[in-house]
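An overview of the molecular structure
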Amino acid sequence: MEKQLHLNLLASRPPMAGGFQSGSKMKMGPGRKRDFSPLPWSQYFETMEDIVVENENASAYFIILSISISLTTVNIFRIYCSGSHGPVLLLLHGGGHSALSWAVFTAIIYSRINCRVVAMDLRAHGRLQDTASFYFCTWDIGKVVEALYGDNPPPIMLIGHSMGGAIAVHTATANHIPSLLGLCVIDVVEGTAMDALNSMQNFLRSRPKTFRSLENAIEWSVKSGQIRNIESARVSMGGQVKKCVWALSSLQFFPWVSNKESSKKRAKEDDQETKKESIFTWRVELSKTEKYWEGWFKGLSALFLTTPVPKLLLLAGIDRLDKDLTIGQMQGKFQMQVLPQCGHAVHEDAPEKVADALATFMVRHKFTEFKEGYLW
């Protein structure tokens, strides 16, 4: 039971017997080797951009590309975008993940409805992570929106998964997005999240600390059940792991070799072997964010229920509902849909189902329309 609870925050439940989700586009026949090679972001998004904004003590935003920028006074957020018309779907990823976790979903939803998509790397995450700052504030989301659209932003649908879902709720209630249309939260519930916090560190320690290659990390993510859709794993794991800089030098691994000549020979041999493997590790040390965990999730259900916009809650299982949300759902305060046979990364495991649920929700509320020619 304890293991099941902490998986709600980060990892998926164990893989189903008999293989991967039917939603995966990489089902292989008997005797064929699965392809775990990485896929490029450009296969799913139209553009990539780095947004630079002043830190939380500043009062303005700016977009600039200059090597003279001091990283102590600004924050840089990488965003991936598609589309130029219609409402904006602003996508916030879960803890330890990156904007690339939305890649496959983005390609599907963009083919369904008239919309624009913006997926952003949250603070301390993604390829531009600042490891000195793990505090995730709603200010970040508002400033990125301001940097993109100025004082007159288009209608925005805020969508968040796990930790990103918590940030989405706090952002909505703080009114950092004045043009907010609606709110969608994916597989995060206050009750189960708070229960899981005590065992989260044990879970993080149980993960591999390093991988021989990016392909090896992708393979682990699929076989462990963290991501059940192999296509999504191939594009999103590059945002979760990075090559270790220290792995290129083997001298530090053998400090006990005293003879100078044998030391040089051993270093050369081991350096060649290390370079072959190109060790990868996690981009984000999630254990260092522990002091923020309670603040992300405490009071989340009440905030979600009081947000004055149409709301959609997508869950991997009905067992994730807590008391407040159960009552709110019976009172019709939000729409809920359960997507069974998914792990915690619902939008990666079943991107088509999530896209269909969100598209239907937005069309029903007249936020947008289905694209011409799309049969639903």
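Residues numbered from 1 in each chain as written. Predicted model: local features only at pLDDT ≥ 70, side-chain atom pairs only at ≥ 80, totals over all residues. Heavy atoms only, no water.

**A look at the overall build of the protein chain**
In terms of regular secondary structure, the protein chain is built from 13 helices and eleven strands. Counting over 376 residues, the protein chain shows a buried share of 54%. Within the protein chain, contacts between residues separated by at least 24 positions form 77% of all contacts whose residues are at least 6 apart in sequence. Surface exposure of the protein chain reaches about 17400 Å², of which carbon and sulfur atoms provide 52%. (Helix = DSSP H or I, 4+ residues; strand = E, 2+ residues; numbered from the N terminus. Buried < 20%, exposed > 50% of the residue type's maximum accessible area, 1.4 Å probe, protein only. Contact = heavy atoms within 4.5 Å. Areas by Shrake-Rupley, 256 points an atom, 1.4 Å probe, with all protein chains shown as cover.)

**A closer look at the sheet that holds strand β4 (residues 116-120)**
Where strands meet in a sheet, backbone hydrogen bonds hold them as pairs that are either parallel or antiparallel. Pairing is mixed in the open sheet, where eight strands are placed in the order β1-β2-β4-β3-β5-β6-β10-β11. In this open sheet, the two edge strands, each paired with only one partner strand, are β1 (47-54) and β11 (335-338). In this sheet, adjacent strand axes meet at a mean angle of 20° when their direction is disregarded. Here five bridges tie strand β3 (residues 88-92) to strand β5 (residues 156-161), and the two strands are oriented parallel to one another. When the bridges of β5 are listed, V88 appears paired with I156. Packing of helix α2 (residues 103-112) onto the sheet brings it into contact with β2 (74-82), β3 and β4, and relative to β3 it is tilted by some 165°. Strands in contact with helix α13 (residues 351-364) are β3, β5, β6 (180-186), β10 (311-315) and β11; relative to β10, the strand with the most contacts, it is inclined by about 165°. (Pairing = 2+ DSSP bridges. Axes fitted to C-alpha atoms, helices over the stretch in contact; angles between N-to-C directions.)

**What about the nonpolar core?**
If you look at soluble globular proteins, the nonpolar side chains tend to sit buried side by side. Judged by nonpolar contacts, the single largest core of 42 residues is most densely connected at L90, L92, L183, F304 and L313. Broken down by element, this core gets its largest block of residues, six residues, from helix α4 (residues 163-173). If near-sequence neighbours (up to four positions away) are discounted, F304 is found in contact with V169, L183, V185, K311, L312, L313, L325 and F334. By size, the runner-up hydrophobic cluster in this structure holds 40 residues, among which are A99, A316, A350 and A359. (Core = buried A, V, L, I, M, F, W, Y, C linked by side-chain atoms within 4.5 Å.)

**Topic: unusual backbone geometry**
Of note, the phi angle at N175 is positive, near 60°, even though the residue is not glycine. By relative accessible area, which is 54% here, N175 ends up exposed. At D187, a residue that is not glycine, the phi angle is positive and equals roughly 50°. Looking at the secondary structure, you find D187 in the loop between β6 and α5 (190-206). Looking at D187, the relative accessible area reads 3%, which means it is buried.

**A word on the packing of aromatic side chains**
Under the definition given, this model contains eight aromatic pairs. Between the aromatic rings of F45 and Y80, the centroid separation amounts to 5.4 Å while the plane-to-plane angle is 40°, which identifies the pairing as tilted. In this pair, F45 sits in the loop between α1 (2-7) and β1 while Y80 sits in strand β2, placing the two residues 35 residues apart along the sequence. Owing to a relative accessible area of 3%, F45 belongs among the buried residues under this scheme. Three or more aromatic residues joined by ring pairs form one cluster here, namely W41, F45 and Y80. It is R207 that lies over the ring of W282; its NZ or CZ is 3.9 Å from the centre. Sitting over the ring of Y110, K371 keeps its end group 3.8 Å from the ring centre. (Phe/Tyr/Trp six-rings, centres within 6.5 Å; stacked < 30°, edge-to-face > 60°. Lys NZ or Arg CZ within 6 Å of the ring centre and 35° of its normal.)

**Topic: α2**
Most of α2 sits inside the fold, with seven of its ten residues counted as buried. Here α2 has its buried residues at A103, V104, F105, T106, I108, I109 and R112. Packing partners of the buried residues in α2 comprise β2, β3, β4, α7 (230-236), α12 (346-349) and α13.

**Describing the packing of α2 against α13**
Taken N-terminus to C-terminus, the directions of α2 and α13 make an angle of 40°; their axes are 9 Å apart at the nearest point. When the interaxial angle is binned, α2 and α13 end up oblique. Remark: the crossing between α2 and α13 carries right-handed chirality. When α2 is examined against α13, the residues V104, F105, I108, I109 and R112 are found in contact with a partner set consisting of P351, E352, V354, A355, D356, L358 and A359. Of the residues belonging to the contact of α2 with α13, the class tally is nine nonpolar, no polar and three charged. (Parallel < 35°, antiparallel > 145°, perpendicular 65-115°, else oblique. Left-handed = near helix turned anticlockwise from the far one by under 90°. Nonpolar A, V, L, I, M, F, W, Y, C, P; charged D, E, K, R; others polar.)

**Observations regarding the side chain of H93**
Within the element layout of this structure, H93 appears in the loop between β3 and α2. Of the residues examined, H93 reaches a relative accessible area of 0% and is grouped as buried. At 3.4 Å, the side chain of H93 and the backbone oxygen of H97 are in polar contact. Not counting residues up to four positions away in its chain, the partners in contact with H93 are S98, A99, S101, W102, M120, D121, L122, H125, H161, M163 and G164. (Polar contact = N/O pair within 3.5 Å; in protein donor to acceptor, adjacent residues only side chain to side chain.)

**Describing the pattern of salt bridges**
For the structure on display, the rule yields five salt bridges. Two residues, R234 and D35, come together in a salt bridge whose shortest N-O distance is 3.2 Å. Residue R234 is located in helix α7, and its partner D35 is located in the loop between α1 and β1; the two are separated by 199 residues in the primary sequence. For R234, a relative accessible area of 8% gives the class buried. (Salt bridge = Lys/Arg side-chain N within 4 Å of Asp/Glu carboxyl O.)

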